[in-house]
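# Working through the structure, step by step
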Amino acid sequence: MAAFRRLYEQQYAVALFNNIRFVIEGGGGPQPQLLQRKVPLENKSIFSGSLFHYLEENKRWRSRFLFVPDSYSISYYDSKAVSTKRQHPKGTINCAGYKVLTSLEDYLDLLADSLPGVKAKTGSSAFLKCATQFPLILWHPYARHHYFCAVSEKDQKKWHAVLQDCIRHTNDGLPEEDKVQTPAFTDAVRLYRQAQGHYGTWEMMCGAPSQILSNLVMEKLLSELRDLICPRLKGKLHERQKSWMLISDAVYSLVQGRCLAQYEELLQRCEAARSSLEASIRTDMDQIISSKEHLSSKIRAAVVPKAEKLLKVSIQPYISSILDALMEPTSRGFSEVRELFFKELVDMSKNIINEGTKEMVAQHMDKISMLAFHPVKMQSCYEKVEQLSLEGLQQRFDVSSPSVFVQRAQILMREQMDNAVYTFEQILHQSLETQGTEELCKTVQRCQDRVLKKFDYDSSSVRKRFFREALLQIFIPYMLKQLSPSCLSELLRFQEMIFEDFSPFILVENIFEEVVLHSVTKDIMMAVKEAAVQRRHNLYRDSIVLSNSDPSLHLLGDNPSIDWAGEYGGGRMKQVVSMIQVEDSDLPSPETGAEVPSIRDIPEEDGQQEEEEQEVEQEEEQEVEQEVGQEEVEQEVEQEEGQQEQEVGQEEQEEQEVHSDAANPPDLSSASVSEEKRIQPEEQRKDSEPLEGETAAGVLEDKDTPSDLEGEQRFPPPPPTGAAERSSAPLPPPPHDGGEAGEEGTPTSSAAPQPPQPPQPGGDQTAAGAQ
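A brief look at the structure comes next. Every residue gets a number counted from 1 within its own chain, in the order that chain's sequence is written. Two thresholds apply to this predicted model, a pLDDT of at least 70 for residue-level local features and 80 or more for giving and counting side-chain atom pairs, whereas whole-chain, interface and lining totals are computed over all residues. Note: side-chain values were computed over all heavy atoms of the structure, leaving out hydrogens and water.

### With respect to a negative patch on the surface
For the record, the criterion: Patches in this entry comprise residues that are over 30% relatively accessible and not in a salt bridge; like charges within 9 Å are linked, as are nonpolar side chains (Val, Leu, Ile, Met, Phe, Trp, Tyr) within 5 Å. Accessibility throughout is a Shrake-Rupley quantity obtained with a 1.4 Å probe, and a residue counts as covered only by protein chains that appear here. Criterion for a salt bridge: a side-chain nitrogen of Lys or Arg within 4 Å of a carboxyl oxygen of Asp or Glu. By the counting scheme adopted, Arg and Lys are positive, Glu and Asp are negative, and His together with the chain ends is not counted. Note on charges: their place is set at NZ of Lys, CZ of Arg, CG of Asp or CD of Glu. Whether a residue is buried, partly exposed or exposed follows from its accessible area with a 1.4 Å probe, protein chains only, as a fraction of its type maximum: under 20%, in between, or over 50%, in that order.
Together, Glu 105, Asp 106, Asp 109 and Asp 113 line one region of the surface with negative charge. When its relative accessible area of 41% is taken as the criterion, Asp 106 is described as partly exposed.

Following this line, the structure appears as structure tokens:
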């Protein structure tokens, strides 16, 4: 921590100077076309349900109710009732740095690697016997492990997606909004690892700053502890493994406490000196910039020849192959995001054709508004990027694992989905305020086309930026590792050229890295530009810049998220991404290592019938009953008068029919029409009956219903913009889980007449014209 403290104080001053200079001079790339939600998950819950949890204290499996709030930390309770009463959980899991495993064999292999040199005896059994054959294990290299079991394969896949989403979110890194502390911290960590001889990507750069610092300490401390403690462990293999895990977790907790205290003290000291540093920067800004440029020219003259030689021999031959390895799965993932977004809007259009009301639109938008944070629905998009492989290049360029790039691409995919949904939400709400309900389907289509064009442009910009950053993360550490030994002696003499007043803001190490970065940036930019020209990558060319193409849209950027349930649904719907809540009685409580006698599917509920809402509804119903009591007396009187008038009208109608039958013979066409009218109310009554699994937020959709097949024929999804290959071989649609409560759309009526075909989306023509 003392070594890190010196590096952080140096990088803090440099980051402060760079931030002030950027604010004064301006800069940045093209502006995004889609709007960005400021607080995506405010007062939203992600997931909940029951799983078997292994209790290490008494070596038993017990049913636990798991709840995932908007912070993506997993809280587990004894029961659902305890969670509803807002009591303290039995425990909370911070998923930063974890891996989720669905195989006991994979977990045992990782355990064996944690104790090298210790081999299991033949016939020895593992210390863990799963309650079911569907395990879910959270593994961490230093912290405590958590063991869960699902009751079915479907439930295992569902929870696997949820746990992966929690890990992905907590591994996302530090907030980019802080332009001083975040770059100072990341640069200090990178320089510290380089001083220890570790270049390249690092998987444990995840979590809060105190967790990252703890991982930095444990990276070196763990091997020393293992050599000291492991020879003294006694007992069978699984007993030694369990003892080692407990020791590692205890040490990790101690290290986190120390790192957190020292890091907070370091932040306070830097923030206290910030005002004086900022005053010096603003006073001597021009002199600092001139001095830095003069020093950069000297370092560039000494470093660039060596860097260009290394670049020509060891970097340029591999740029295209690495870029292709990054582009293929990433582009498939973003295309899947577009298809999923388009499919949800098509489902909404099919349903509002038959019942075109604002309440129906609100029901669908209440589910679509949090589509980007739905772990199960987004899983099909994330799986496309997980196919990314850098095999054969990892050892050459010191890439620890492609998971660093996979998780970053998945985070960008989620952001693009949320931006598209939020933009569509704002445009549709504005249209509903100015228009009636006569042409709801056409309004949805126009908003959909408008958003898809913007999504295609932003998707291209985000992917190109991701490719450039990934290539730099691969090549820069390799070049620094090769050039540092030969350039180190020359860099020392440049330190004397810096004025003492400017020394906090000008560091030779930073300028050296900037020179190396600029030397390789030109080749990377050229490679990405050449790839953008190829249509198979579905990227816009850099010459196409849509700046301020829709100024009226950006006026909506500061609007909050729309409460569709409260505005159009009467406040009865509760906005959640997915609440799959399970009653505790449906999960058996097996003894230690005992197999579950009978495995039943988890009954899925809507999760919106909370006890608090029931109390509010009861109070409302009592008030309504008092008001309605007087109206019922008046209605009875009106019904008696109406019955008398109806009897008189029927007698007159029968007399008219006798005269008309005598004058006109019966017609077959009229008989068929009357038969159709007789059948229609029966089918409408069937449609009005609640389906199995119906919830307050919507009705589960059966994929094989005839109405859906007809709807798909009416609304064929267009191919993504500029994707010639994918139009001939379309990607499979995302998996349809009919058992998910509150996930799918409302099924259309099979007896509804064929509506006129709405206009098809015109995204391809517009994109082609733009290109």
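### Some details on the environment of Ala 13
Short version of the rule: The numbering of helices and of strands both runs from the N terminus, where a helix is a DSSP run of H or I of at least 4 residues and a strand a run of E of at least 2. We call two residues contacting when some pair of their heavy atoms lies within 4.5 Å.
Mapped onto the elements of the fold, Ala 13 is located in helix α1 (residues 2-25). Note on Ala 13: relative accessible area 4%, which makes it buried. For the pair Ala 13 and Ser 503, spaced 490 residues apart in the sequence, the C-alpha separation amounts to 9.7 Å. Residue contacts for Ala 13: discarding those within four places in its chain leaves Leu 277, Pro 504 and Phe 505.

### Brief notes about the nonpolar core
Stated precisely, the cut-off is as follows: Nine residue types can take part in a nonpolar core, namely buried Ala, Val, Leu, Ile, Met, Phe, Trp, Tyr and Cys, and a core is a set of them joined through side-chain atoms within 4.5 Å.
Counting 160 residues, the largest nonpolar core has Tyr 8 and Phe 424 as its most contacted members. For this core, the element with the highest residue contribution is helix α9 (residues 285-354), accounting for 26 residues. Those residues within four positions of Phe 424 in sequence are excluded, and the remaining contacts are Phe 341, Leu 345, Met 348, Met 365, Val 444, Cys 447, Gln 448 and Val 451. Core analysis: the second largest hydrophobic core is formed by 16 residues, Tyr 54, Leu 104, Leu 111 and Val 151 among them.

### Side note on the packing of aromatic side chains
For any pair of aromatic rings, geometry is given as the distance between the ring centres together with the angle between the planes. Note the cut-off: Pairing of aromatic side chains requires ring centres within 6.5 Å, counting the rings of Phe and Tyr and the six-membered ring of Trp. Pairs whose planes differ by under 30 degrees are stacked, by over 60 edge-to-face, and all others tilted.
Under the defined criterion, the tally for this structure stands at 17 aromatic pairs. Relative to Tyr 263, the ring of Tyr 8 lies with its centre 6.2 Å away and its plane at 75°, an arrangement referred to as edge-to-face. A residue pair is termed long-range when its members are at least 10 positions apart, and Tyr 8 in helix α1 and Tyr 263 in helix α7 (residues 237-272) qualify at 255 residues. The class for Tyr 8 is buried, based on a relative accessible area of 0%. Of the residues examined, Tyr 263 reaches a relative accessible area of 7% and is grouped as buried. Members of the aromatic cluster, each reached through a chain of ring pairs, are Phe 4, Tyr 8, Tyr 12, Phe 185 and Tyr 263.

### Points about the pattern of salt bridges
Tallied over the full model, the rule gives 22 salt bridges. In this structure, the salt-bridge partner of Lys 377 is Glu 344, at a minimum N-O distance of 3.2 Å. Note that Lys 377 is positioned in helix α11 (residues 375-385) and Glu 344 in helix α9, a separation of 33 residues in sequence. Each of Arg 37, Asp 418 and Glu 425 takes part in salt bridges that share partners, so that together they form one network.

### Focus on the sheet that holds strand β2 (residues 60-68)
We count it as follows: Any two strands with at least two DSSP-identified bridges between them are counted as paired. Under this scheme, a helix contributes an axis fitted over its contacting stretch, all axes are lines through C-alpha atoms, and angles between N-to-C directions fall in the 0 to 180 degree range.
Read from one edge to the other, the open sheet built from 7 strands follows the order β4-β3-β2-β1-β7-β6-β5, with strand pairing classed as antiparallel. Strands at the two margins of the open sheet, each flanked by one partner only, are β4 (91-93) and β5 (99-101). Ignoring which end each strand starts from, the neighbouring axes of this sheet average 35° apart. In the sheet, strand β3 (residues 74-77) pairs with β4 via 3 bridges, with the strands oriented antiparallel. If you follow Ser 75 over to β4, its bridge partner there is Thr 92. Across the sheet, helix α3 (residues 104-114) lies against β5, β6 (135-139) and β7 (146-149), angled at about 25° from β6, the strand it touches most.

### What to know about the packing of α1 against α7
Put simply, the rule is: For classification purposes, angles smaller than 35 degrees are called roughly parallel, those larger than 145 roughly antiparallel, those between 65 and 115 roughly perpendicular, and all remaining angles oblique. In this scheme, a crossing is called left-handed if the near helix is turned counterclockwise away from the far one by less than a right angle; it is called right-handed if the turn is clockwise. Basically, the charged four are Asp, Glu, Lys and Arg, the nonpolar ten are Ala, Val, Leu, Ile, Met, Phe, Trp, Tyr, Cys and Pro, and anything else, Gly included, counts as polar.
Two elements in contact, α1 and α7, have axes whose closest approach is 11 Å; the angle formed by their N-to-C orientations is 30°. In terms of orientation, α1 and α7 fall into the roughly parallel class. Here α1 and α7 pass one another in a crossing that is right-handed. When α1 is examined against α7, the residues Phe 4, Arg 5, Tyr 8, Glu 9 and Tyr 12 are found in contact with a partner set consisting of Gln 262, Tyr 263, Leu 266, Leu 267, Arg 269, Cys 270 and Glu 271. Considered class by class, the residues forming the contact of α1 with α7 number 7 nonpolar, 1 polar and 4 charged.

### Considering unusual backbone geometry
For Lys 59, which is not a glycine, the phi torsion comes out positive at approximately 55°. Of note in this structure, Tyr 72 is not a glycine but carries a positive phi near 65°. Tracing the sequence through the fold places Tyr 72 in the loop between β2 and β3. Classification of Tyr 72 by relative accessible area gives buried; the value is 0%.

Limitation: the analysis is restricted to geometry and does not speak to function.
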